[in-house]
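Summary of the model geometry
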Amino acid sequence: MKYEVVMGLETHAELDTESKLFCGCSTKFGSEPNTQTCPVCLGLPGVLPVMNKKAFEHSLKAALTLNCEISKFTNFDRKSYYYPDLPKNYQTSQNYFNIGNNGYVDIVVKGKEKRIDIHNVHLEEEAGKLIHPETSGANYSLVDFNRAGVPLLEIVTQPDMRNVEEVESYMQALRNILLYIGVSDCKMQEGSLRFEVSISLREKGSNVLGNRVEIKNLNSMKAVLKVLAYEMSRQSSLLDKGENVLMETRLWDDVDSVSRRMRSKEEAHDYRYFPEPDLVPIWIDQEWINEIRATIPELPVDKHQRFVNEYSISDYDAGILTEDKHLADYFEECVGLSQDSPKELSNWIINDVLRELNERKTNVQDFIVSPKMLVELVKIKPTIGSSIAKDVFGEMINTGRTAPSIVKEKNLTQIDDVSELNDIVTKVIEDNPKAAEDYGQGKKSALTFLIGQTMKITRGKANPKILTKILMERLSAGSK
Amino acid sequence: MLSHELSANQIKEKIIKREITAQEIVEELFEWINLKEPLIKAYLCLDKEGALLKAKEVDKKLDNGEKVGLLAGVPVALKDNICTVGIKTTCASKILENFIPPYDAFVVKRIKEEDAIIIGKANLDEFAMGSSNENSAFHITRNPWNTDCIPGGSGGGPAAAVTADMAFMALGSDTGGSVRQPSAFCGNVGCKPTYGRVSRYGLVAFASSLDQIGSVTKDVYDAALLLQVVSGHDGFDSTSATVGVPDYLSDINNVDGNLRIGVPKEFFGEGLNSEVGSAVMNALEIYKRNGAELVDLSLPHCGYAVATYYIIATAEASSNLARYDGVRYGHRSQLSEDNIIDMYSRVRAEGFGSEVKRRILFGNYVLSAGFYEAYYLKASKVRNLIKNDFEDAFKKVDCIISPTCPTPAFRIGEKITDPLQMYLSDIYTIPANLVGIPGISIPCGFTNTGLPIGMQILGKHFDEGKILKVAKLFENETDFHLKKPNLIEPEPKKGIDI
Ligand SMILES: [Zn+2]
């Protein structure tokens, strides 16, 4: 493509607090409509907001983690627009004095590091939700205000991204950071994490920005990537034809996979921002900043690098392990307990634990196999062999019992004793003369068959290495 | 003297001494209201049933020897922009005609806790926007001193009710003078405390950074009493102050030290009615005779106060009134609605009166892109200059005295077609709201035609104690506050003669 793509992202993350931003109502997701409301979040006449300190501290924590300059002085502003899901017909947000400005997030794309600049981080209140009746032709809509007033963090980047890989990497990095620092559950299916993108195209080498198109309310990373691909082709074909790209706001239609005009630049809202007189300004001193900074844990990028260095695991594995803070914690707890074999533990976690978690749709915090249990399994593995170890792992998940107790009860310890195995092999060869003969005539598959027969008799307990050696020796000897 | 003519504190004393029961008071008061309300029309809604219930509760407490509150048995009126659980709160607007709040305002909770009896909701200019009460969507309240005159606004209802002895005291709101100006026009005591002194929770917002709940009473002691009850921090109002509440009552007759009274020349200039001017000058002489020092002052930026006020107040109002959209409560158009914009337009076109619409339009204009800096931001800066004026002044004086209004009450219809003339009625009261300082209006004389004249005393932030004392000093020396308008006497057998 002869164009350079310029993209920026606005991310809305619902903050993980017990109560709403300006009242005491619960923020729990999925309750009966309008059961988590009060005069304040319904915007009744005469009510006043009182700020939730936790929500503010979460925002401060996020702004610090995103390397923002923290404003000494912040306050809230009213952003005015009319919509039925907005009880006061203005949103209490921040415009003139955001909590954080001029931050950045470092991302890695195809092994190359890139810095995405953050324009600002600010705190605002969530709107309610419109419910449109399913019967077609209904002339009404309903509103659920349970969500109205949930604290919402908005993170606005500079138009720094040049390809979809960068956008994807930024979204993932940001999501990981928010999860790591524990300020949002980032559940996209529940709408806790949403995106808005802006995209413009310009001739390569040009330093003039093209007309910008904004696309609102994207509920998944997939949708973001789809809409960007769509817009790139839509805008580039317009430019190819010598036509103008209109500066406008568009909406993504996921069903038809197209973007449609929502409003033109001329129809853009005038939000009539002014300082919220019902809330007092907030002064942020160094002591408070230090206090919040002390609660920021090691971040995914740092942890990733440390895992590679400290545990000698691959960059790829370290990436998977650090994607989820709880998984990384699980891994480190295992390593700490075993004082050994980080590589093997990492394999177990990435292959077996993650598979089970996916299948069971659960998370590692609730996983029945504790780090201690996994370490016990890895420790006992040399005595039972890999394949039995996998069975034992399955049994552990089903019963919650420990590996040693399962091994002991089922008598699963591997047979390493050469004379014992010799006796068994003798019997197997006697019972399968045809196979022994085939092997002598060069049919190598016969060996596999005989190993299988031996395993059947020993119920898998024969040490496969020793068994193979004995069998090959005996068969070669027999064929002479 | 008939019992409804007594002050709130006097009636409370009688009730506590068991000279009269709260129930008797309420019954008598409602008889009087039935007689006089058709003439004055101070109320939008009366709650006799609720009042009797509360009266019986107070009487029962006294029967049982239980402790009673500071306002035991005192019938109180509330301006109808203060939320009352279970009682309609309309703001004198069609848009809230049938709105019944599910919660009590902070001040309502407080007076209930102190055993006051709420008798009804008093009239006002729609959403407290006005200076004459003529902007009420329901009816015009009349000035008890001359029923052809307006009672003032926006709190004309509370002021007229107290003056006509149809309530012993009332709570109102003062955004640019809505407690002090009607009190001056009706001849009672109107007190606007410091911004933040009294929680605004449950006061339907007009202009959030200017609104303050205040009292309308028959004398200064009652003002101190009511302030004592409603002051203090409220966790539901972030702007309510955590400054401790002093005892306003015990020391009210002692003005300590040499009193220095500031007399700002800007408040005695062009536009001031001569009768009003000389009444206030006479009042200042009384202070002088009592040992006060009069200090000439200048508050140079006060000339911009009205302009500044109408930018900030309308900006905030345009946003505060955005919520009246018919979606969750309030008026809903009976006409069909094609879409949501249609619905909003119809609800607001039908629900709001013309002054409210004017201010919403004005407020939206001054906040809109390209105008914000020139108007709202500029006004905020001027507001700071006015604040500085007062700060400098209070380095030299303990309080500032001025007329409350440039004129006495005007006639109904006189200014309604000229909003700018109407706005100037608040020229002396507005600065206190912009600065956030307390102010009190007390009666200081009458015009030749028998209309009351009000005098305003302004104090430093949180210095309500001082201005109450200064007001009390004057009251102790004069009897303007005891004068009653010549309403038709009730038939003696209906009253309880005491
Ligand atoms: Zn709520």
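In this text, all values refer to a predicted model and were calculated from it rather than measured experimentally. (Residues numbered from 1 in each chain as written. Chains lettered and ligands numbered in written order. Predicted model: local features only at pLDDT ≥ 70, side-chain atom pairs only at ≥ 80, totals over all residues. Heavy atoms only, no water.)

Take the overall build of chain A next. For chain A, the count of helices and strands is 15 helices and 16 strands. The C-alpha atoms of chain A give a radius of gyration of 30 Å, which is well past the 23 Å a tight globule of 480 residues would have. Taking the principal axes of the C-alpha coordinates as reference, chain A spans close to 95 × 55 × 55 Å. When contacts within chain A are restricted to residue pairs at least 6 apart in sequence, long-range pairs at least 24 apart make up 68% of them. A total accessible area of about 23100 Å² is found for chain A, and carbon and sulfur atoms account for 50% of it. With 60 positive and 72 negative side-chain charges, chain A shows a separation of 4 Å between the mean positions of the two kinds. (Helix = DSSP H or I, 4+ residues; strand = E, 2+ residues; numbered from the N terminus. Rg over C-alpha atoms; globule rule 2.2 N^0.38 Å. Contact = heavy atoms within 4.5 Å. Areas by Shrake-Rupley, 256 points an atom, 1.4 Å probe, with all protein chains shown as cover. Lys, Arg positive; Asp, Glu negative; His and termini not counted. Charge placed at Lys NZ, Arg CZ, Asp CG, Glu CD.)

Okay, the overall build of chain B next. Each helix and strand in chain B was counted, giving 15 helices and 11 strands. The C-alpha atoms of chain B give 21 Å as radius of gyration, which agrees with the globular expectation for 498 residues (23 Å, within 12%). Overall, the C-alpha framework of chain B stretches about 65 × 60 × 45 Å when taken along its three principal axes. A buried classification covers 64% of the 498 residues belonging to chain B. (Buried < 20%, exposed > 50% of the residue type's maximum accessible area, 1.4 Å probe, protein only.)

In many analyses, interface size is given as the accessible surface area lost on bringing the parts together. On the chain A side, the residues contacting the 39 residues of chain B number 31 residues. For the chain B and chain A pair, buried surface summed over both sides reaches about 2800 Å², with 58% attributable to carbon and sulfur atoms. Among the residues chain B hides against chain A, the three largest losses belong to B:Ser238, B:Arg323 and B:Arg328. Together they make up 21% of the total. There are 1 salt bridge connecting chain B and chain A. Our count for the contact surface shared by chain B and chain A stands at 21 residue pairs in polar contact (both at pLDDT 80 or more). When contributions to the side of chain B that touches chain A are tallied by element, the ones reaching two or more residues are helix H9 (305-320), helix H10 (340-351) and helix H11 (354-367) of chain B. Sorting elements by how many residues they give to the side of chain B that touches chain A places H9(B) first, with 4 residues. Looking at the side of chain B that touches chain A residue by residue, the classes come out as 22 nonpolar, 10 polar and 7 charged. (Buried area = accessible area lost by both parts, 1.4 Å probe. Salt bridge = Lys/Arg side-chain N within 4 Å of Asp/Glu carboxyl O. Polar contact = N/O pair within 3.5 Å; in protein donor to acceptor, adjacent residues only side chain to side chain. Nonpolar A, V, L, I, M, F, W, Y, C, P; charged D, E, K, R; others polar.)

On to the coordination of the zinc ion. Residue and element names in this part refer to chain A. Protein coordination of the zinc ion is provided by Cys 23 (SG), Cys 25 (SG), Cys 38 (SG) and Cys 41 (SG), with donor distances spanning 2.3 to 2.4 Å. One can describe the site at the zinc ion as tetrahedral: its 4 donor atoms subtend angles covering 101 to 114° at the metal. Counting along the primary sequence, the residues that act as donors to the zinc ion give the motif C-x1-C-x12-C-x2-C. Classification of Cys 25 by relative accessible area gives buried; the value is 10%. (Donors = N, O, S within 2.8 Å, 3.2 Å for Na, K, Ca; no water. Tetrahedral: all angles 85-135°; square planar, octahedral: opposite > 155°, others 65-115°.)

Its location among the elements puts B:Asp325 in the loop between H9 and H10. A distance of 2.9 Å separates the side chain of B:Asp325 from the backbone nitrogen of B:Val327, its partner in a polar contact. A polar contact is formed between the side chain of B:Asp325 and the side chain of B:Arg328, at a distance of 3.2 Å. Those residues within four positions of B:Asp325 in sequence are excluded, and the remaining contacts are A:Asn89, B:Met343, B:Tyr344 and B:Val347.

What follows is about unusual backbone geometry. All names here are of chain B. For the bond running from Gly 153 to Ser 154, omega is 0°, close enough to zero to count as cis. On the secondary structure map, Ser 154 appears in the loop between strand S3 (117-122) and helix H5 (156-163). Even without a glycine there, the phi angle at Ala 92 is positive, about 55°. Positionally, Ala 92 belongs in the loop between strand S2 (75-79) and helix H4 (106-113). Taking the relative accessible area as the measure of exposure, Ala 92 reaches 0% and is therefore buried. Although it is not a glycine, Asn 133 adopts a positive phi angle of roughly 75°. Looking at the element boundaries, Asn 133 is found in the loop between S3 and H5.

Another point: the domain arrangement of chain A. Partitioning chain A into structural domains gives domain 1 (3-291), domain 2 (300-409) and domain 3 (418-479). Averaged C-alpha coordinates put domain 1 of chain A and domain 3 of chain A at centres separated by 67 Å. (Domains from an automatic or database assignment.)

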